[in-house]
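Inside the fold
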Amino acid sequence: MGEKIVLAYSGGLDTSVAIHWLKERYQAEIITLTADLGGADLIKAKQRAIEIGVAKALVVDTRQEFVDEFIWPALQAGALYEGTYPLATALARPLIAKHLVRIALEENATAVAHGCTGKGNDQVRFDVSTTALAPHLKVFAPAREWGMTRDQEIEYAKLNGIPLDLNKRSAYSVDENLWGRSIEAGDLEDPWMEPPEEAYQ
């Protein structure tokens, strides 16, 4: 084995494909970190990571820390994007990065990884937080490197026996935690279109 990489793992398509891709590309031992921020199916995510072949699948309960150190200060500061949008997903990223770094140091890993693409702000939050806390760690973002479309990722998953709920395919990418739920992709990429009813929960 070459690298030992700690991957921020949601259990979704991008990070599930990332486990196999990182193992193959870097001959790496993969440890996944799934942060419990309130909202994800943690048991299913952990089981899927194990089935794909990680060395360890860790779940960390960060809910109280998220409320005390991120949500509450943001609420006190009136932190709203453009004065209206609560920073739910954005607030969680530095917290996940903090635990990625902690686990990487505990496990003597050489790198961390996340599932962000090259087009959003989340990649910056992960990259900068990691570099601030542990400048010696490499940061991998497989979705920035592999250049696969969503359909190509699904095909890659099928070819490599990666277990996914592909029949429950949604046009949207959903991120949910205690503080909020953000939905993107599909029709929502056009700001002039009203979100369709199926985007809501």
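Residues numbered from 1 in each chain as written. Predicted model: local features only at pLDDT ≥ 70, side-chain atom pairs only at ≥ 80, totals over all residues. Heavy atoms only, no water.

**With respect to the side chain of Asp 36**
Considering the arrangement of structural elements, one finds Asp 36 in strand β2 (residues 29–36). Asp 36 sits in the buried class, given a relative accessible area of 11%. Side-chain polar atoms of Asp 36 contact the backbone nitrogen of Gly 38, separated by 3.0 Å. Leave out the neighbours within four places in its chain, and Asp 36 touches Leu 42, Val 60, Asp 61, Thr 62 and Arg 63. (Helix = DSSP H or I, 4+ residues; strand = E, 2+ residues; numbered from the N terminus. Buried < 20%, exposed > 50% of the residue type's maximum accessible area, 1.4 Å probe, protein only. Polar contact = N/O pair within 3.5 Å; in protein donor to acceptor, adjacent residues only side chain to side chain. Contact = heavy atoms within 4.5 Å.)

**Brief notes about the nonpolar core**
Grouped together as the largest cluster of nonpolar side chains are 28 residues, with contacts concentrated most on Ile 5, Leu 7, Val 17, Ile 19, Leu 22 and Ile 30. Contributing elements (two or more residues each) for this core: β1 (4–8), α1 (13–26), α2 (42–52), β6 (111–113), α6 (142–146) and α7 (150–159). When residues of this core are assigned to their parent elements, the largest contribution, seven residues, is made by α1. When residues no more than four places from it in sequence are discounted, the contact partners of Ile 19 are Leu 7, Tyr 9, Ile 30, Thr 32, Ala 49, Ile 52 and Val 54. If you look at the next biggest cluster of nonpolar residues, it comprises 26 residues, including Leu 37, Phe 66, Ala 109 and Val 112. (Core = buried A, V, L, I, M, F, W, Y, C linked by side-chain atoms within 4.5 Å.)

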